[in-house]
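# Residue-level structural notes
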Amino acid sequence: MGCGHKDDKASLASSQIASFSHQPHQPPSTPASKEVWKKGGRMFSILLAVHLALLACTLVSSGAFEKIAVHDYDVFFLLTVMMLIVIIWIIFYLVGTSRCPDAVLCRDSHAGPIWLRGGLILFAIFSLVMDVFKIGYYSSFYSCLSAIKIIYPIVQAIFVVVQTYFLWISAKDCVHVHLNVTRCGLMLTLTTNLAVWMSAVTDESVHKAHSKLKKNVTEEIFRWLLKAGMRSSSAEECNCNSQICQIFKNGYFWLYPFNIEYSLFASAMVYVMWKNVGRFIDHHSHHIHRLKFRLFRRTFFVGIVLGLIILVSGLGVLILYEVQVNSSTEFSKKSQALTMYYIFNIVCLGLMSLVCIGGSVIYRFDKRDMDRHKNPTRTLDVALLMGAALGQYAISYYSIVAIVASTPRDAISALNLTYALLMIAQHTFQNIFIIEGLHRQPPKEDHKHNSHQKDLYGLTFVNINAVSLRVPDSGSTLAPSTGAEAIHPSDLVRSLTAPKKMNWRRKFLREISMFLLLSNIILWIMPAFGARPQFDNDTELNFYGDSMWPAIVDICLPFGIFYRMHAVASLLEVYIMS
């Protein structure tokens with residue numbers, strides 16, 4: 001396959017010729033009417049992704065049950081093949097497609113921001129550690145296992161390294177060659193990440209449920225839980241008895257949340273790349289804002305301090321909760337742990353709701369214009385925030401119905417009801433605050449101030465006495481240069497000595513964003529690492545049954561966990577844009 005425009009050739013060539021004929025020295029940054037969107041190619045890639053996703057979902061869900069003749073090594077085989085195909089395509093893209101002439105005519109400045117790519121690398125590192133633990137665990141009894149169980153984590157580690165490098169250097173690309181192949185390759189990459197995510201969520205949820213619901217499950221579900229680590233071989237032949245084997249097993253289960261988040265982060269970035277295939281950026285409306293991230297400047301530190309207090313307190317609550325719930329069989333200890341957990345979350349969610357309302361009120365006084373330009377990254381961010389929140393909404397409404405309809409009602413039920421209501425309110429108010437922040441134009445005060453300061457003799461590190469030597473004693477204004485305004489000496493000195501002032505609205509918005517960011521981090525850590533009162537509170541379990549309620553939580557909770565991490569990334573963007 002050559003570097004020519006083999007697909008979409010005619011339409012792309014005509015648009016480029018028209019553009020270059022009028023502006024021979026400029027890239028074809030034409031308006032949206034000249035963008036090349038091949039509906040057929042996009043539809044074919046979507047259909048490919050849908051069919052592969054359904055196949056992977058069918059195998060993952062079928063492999064979880066003993067009575068169905070689908071084993072976990074069948075799932076591993078499919079995922080291994082998909083990852084190998086994606087690795088081959090990424091190498092083809094990096095070596096062939098991206099190096100073709102005029103392959104990347106423009107880049108989307110909004111796609112793949114540095115904090116998103118940095119988070120991707122962080123989760124990739126933990127995913128690699130998880131793969132090492134998994135290789136060590138399966139190698140402990142390789143003689144009674146299928147070889148695919150050892151091959152799978154090795155291929156997954158290679159896949160994580162190759163994909164992370166690919167997204168780091170190519171996340172902003174707007175590709176204009178090999179369009180259909182690139183679309184299909186990106187959709188295959190997205191589907192592979194979602195399939196790995198489904199497999200990880202299944203294993204992680206089964207492991208958590210196995211440790212908490214041994215006494216409250218049916219025989220079929222209990223057998224399913226027992227097979228979470230080794231479904232294809234008998235427990236007698238492959239028992240993990242050595243201490244090093246137990247360390248590997250517990251280690252990779254604890255690292256599952258990072259691998260889950262990595263797959264979702266990668267899926268979001270790949271989707272934006274897919275949307276940008278064949279896209280021309282209008283540089284007149286697509287401004288590139290080079291904003292500097294100053295964490296400890298221009299703030300009152302109130303949001304950071306309060307957020308750190310919430311974060312540290314939440315870690316303490318998580319440790320106590322895990323010790324009292326998992327290590328103690330006394331009902332009083334369990335009751336105390338649930339009470340402590342609910343009180344902390346009620347306080348945290350209440351503060352976050354009030355802060356979000358305050359931020360939305362401040363936006364009413366914000367004089368910045370709304371950013372109405374086309375932005376696939378922002379559109380995806382909003383869709384993920386709204387969609388992922390549905391998982392926590394579902395759990396909360398199920399809890400509300402169970403608590404209201406159940407009798408008798410005790411103090412824990414009242415706390416649980418308050419917690420569910422505040423969870424709904426906090427998600428709603430936070431989504432409103434984040435979406436408003438993402439649609440605001442970046443501030444222009446700094447740019448204006450800097451340009452004005454550069455006009456004042458271009459001074460960088462001079463003292464005031466040196467400046468006064470250049471100012472006439474008569475106090476008259478300096479002779480302006482061509483096209484420049486007259487500058488008074490007092491204005492010159494004031495401009496050089498006065499510190500940059502930030503609007504009070506921006507300061508408050510930064511404090512709010514940082515507080516919400518740190519609070520969302522602890523609200524992600526708690527359920528991701530074991531604090532799940534949905535399995536420890538008997539109200540919902542008794543109301544819906546020991547089969548329905550765990551299934552509801554297992555399906556909805558991963559979306560709620562992902563919501564918190566995606567909210568962290570979005571709030572960081574709101575903080576920088578404020």
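About the cut-offs
- Residues numbered from 1 in each chain as written.
- Predicted model: local features only at pLDDT ≥ 70, side-chain atom pairs only at ≥ 80, totals over all residues.
- Heavy atoms only, no water.
- Helix = DSSP H or I, 4+ residues; strand = E, 2+ residues; numbered from the N terminus.
- Buried < 20%, exposed > 50% of the residue type's maximum accessible area, 1.4 Å probe, protein only.
- Contact = heavy atoms within 4.5 Å.
- Areas by Shrake-Rupley, 256 points an atom, 1.4 Å probe, with all protein chains shown as cover.
- Core = buried A, V, L, I, M, F, W, Y, C linked by side-chain atoms within 4.5 Å.
- Salt bridge = Lys/Arg side-chain N within 4 Å of Asp/Glu carboxyl O.
- Axes fitted to C-alpha atoms, helices over the stretch in contact; angles between N-to-C directions.
- Parallel < 35°, antiparallel > 145°, perpendicular 65-115°, else oblique.
- Left-handed = near helix turned anticlockwise from the far one by under 90°.
- Nonpolar A, V, L, I, M, F, W, Y, C, P; charged D, E, K, R; others polar.
- 1 Å grid on protein atoms, 1.4 Å probe; cavity = no way out; pocket = protein on both sides within 12 Å on 5 of 7 lines; lining within 4 Å.
- Points joined across faces, edges and corners; volume = space filled by probe spheres on them.
- Domains from an automatic or database assignment.
- Patch = residues over 30% accessible without salt bridge, like charges linked within 9 Å, V, L, I, M, F, W, Y side chains within 5 Å.
- pLDDT = per-residue confidence, 0-100.
- Expected span 1.5 Å × (residues − 1).
- Disulfide = S-S within 2.5 Å.
- Phe/Tyr/Trp six-rings, centres within 6.5 Å; stacked < 30°, edge-to-face > 60°.
- Lys NZ or Arg CZ within 6 Å of the ring centre and 35° of its normal.

### Here's the deal with the overall build of the protein chain
Each helix and strand in the protein chain was counted, giving 20 helices and two strands. For the protein chain, with 578 residues in total, the buried portion stands at 52%. In the protein chain, the proportion of contacts linking residues at least 24 apart, taken out of those at least 6 apart, comes to 88%. For the protein chain, the exposed area adds up to about 26900 Å²; of that, 65% sits on carbon and sulfur atoms.

### Some details on the nonpolar core
Across soluble globular proteins, nonpolar side chains show a tendency to be buried alongside one another. In this structure, Phe166, Phe433 and Trp524 are the most contacted members of the largest nonpolar core, which totals 136 residues. Sort the elements by how many residues they give to this core and helix α20 (residues 548–577) lands first, with 16 residues. Residues in contact with Phe166, not counting those within four places in the same chain, are Trp89, Ile90, Tyr93, Leu94, Ala171, Leu186 and Met273.

### A word on the pattern of salt bridges
By the definition in use, this model includes two salt bridges. One salt bridge in this structure joins Arg107 and Asp173, with 2.4 Å as the shortest N-O distance. Residue Arg107 is located in strand β1 (residues 104–107), and its partner Asp173 is located in strand β2 (residues 173–175); the two are separated by 66 residues in the primary sequence. The partner of Arg364 in a salt bridge is Glu436, with the nearest N and O atoms 2.5 Å apart. Of the two residues, Arg364 is situated in helix α11 (residues 331–364) and Glu436 in helix α13 (residues 411–438); the sequence distance between them amounts to 72 residues. The class of Glu436 is buried, set by a relative accessible area of 14%.

### Observations concerning the packing of α11 against helix α17 (residues 504–528)
For the pair α11 and α17, interaxial distance at closest approach is 10 Å and the crossing angle is 150 degrees. One way to sum up the angle between α11 and α17 is to call them roughly antiparallel. Crossing angle aside, the handedness with which α11 passes α17 is left-handed. Counted by class, the contact of α11 with α17 contains 17 nonpolar, five polar and one charged residues.

### What to know about empty space enclosed by the protein
Taken as a whole and judged by the stated rule, the model has 10 cavities of 30 Å³ or more. For the largest cavity, the calculated volume is near 200 Å³. Taken together, 19 residues line the largest cavity, and the ones lying closest to its centre are Leu116, Ala268, Thr377, Asp381 and His566. The biggest single contributor to the lining of the largest cavity is α20, with five residues. For the lining of the largest cavity, the per-class residue count stands at 13 nonpolar, four polar and two charged. Two domains share the lining of the largest cavity, each providing at least three of its residues, namely domain 1 (39–223 + 241–281) and domain 2 (291–442 + 503–577).

### Regarding a nonpolar patch on the surface
On the surface, Ile114, Ile121, Ile125, Val129, Tyr165, Trp168 and Ile169 cluster together into a nonpolar patch covering about 600 Å² of accessible area. Looking at the nonpolar patch, the elements that each hand over two or more residues are α4 (114–139) and α5 (148–170). Top contributing element to the nonpolar patch by residue count: α4, with four residues. Examined against the element boundaries, Tyr165 turns out to sit in helix α5. Among the residues examined, Tyr165 registers a relative accessible area of 48% and is labelled partly exposed.

### A closer look at unusual backbone geometry
For Asp102, which is not glycine, the phi torsion reads 60 degrees and is therefore positive. Position of Asp102 relative to the elements: it lies in the loop between α3 (72–95) and β1. Classification of Asp102 by relative accessible area gives partly exposed; the value is 46%.

### As for the confidence of the model for the protein chain
Summarising the model, the protein chain shows a mean pLDDT of 76, and 71% of its residues fall at 70 or more. For the stretch residues 5–37, pLDDT sits under 50, and the model shows 51 contacts to residues farther than four places along the chain or on other chains. Predicted confidence for residues 215–220 stays below pLDDT 50, and this span has eight contacts to residues more than four positions away or in other chains.

### What about the side chain of Ser263?
By the element assignment, Ser263 lies in helix α9 (residues 256–276). Classification of Ser263 by relative accessible area gives buried; the value is 2%.

### Concerning α17
Across its 25 residues, α17 extends 36 Å between first and last C-alpha, which sits within 8% of the 36 Å expected from 1.5 Å per residue. Across the 25 residues of α17, 21 count as buried, placing the element largely inside the fold. Just past α17, the residue Gly530 takes up positive phi, approximately 115 degrees.

### Quick look at the state of the cysteines
Tallied over the full model, the rule gives zero disulfides. Free cysteine: Cys106, not disulfide-bonded; nearest cysteine sulfur from Cys174 at 4.3 Å.

### Some remarks on the environment of Ile151
On the secondary structure map, Ile151 appears in helix α5. Residue class for Ile151 comes out partly exposed when judged on its relative accessible area of 41%. Counting along the chain gives 75 residues from Ile151 to Phe76, while the straight-line C-alpha distance between them is 8.8 Å.

### Brief notes about the packing of aromatic side chains
How two aromatic rings sit relative to each other is set out by the distance from centre to centre and by the angle between their planes. Going through the model one piece at a time under the given rule, you end up with 28 aromatic pairs. For the pair Phe133 and Phe248, a centre-to-centre distance of 5.8 Å together with 80 degrees between the ring planes defines the contact as edge-to-face. Here Phe248 lies in helix α8 (residues 243–254) and Phe133 lies in helix α4, a separation of 115 residues in the sequence. Summarising the aromatic geometry, the rings of Tyr342 and Tyr419 are spaced 5.4 Å apart at their centres and angled 55 degrees between planes, so their arrangement reads as tilted. On the criterion of sequence distance, the pair formed by Tyr342 in helix α11 and Tyr419 in helix α13 is long-range, its members being 77 residues apart. Using a relative accessible area of 8% as the deciding quantity, one classes Tyr419 as buried. The lysine or arginine in question, Arg117, covers the ring of Trp168, its NZ or CZ lying 4.6 Å from the ring centre.

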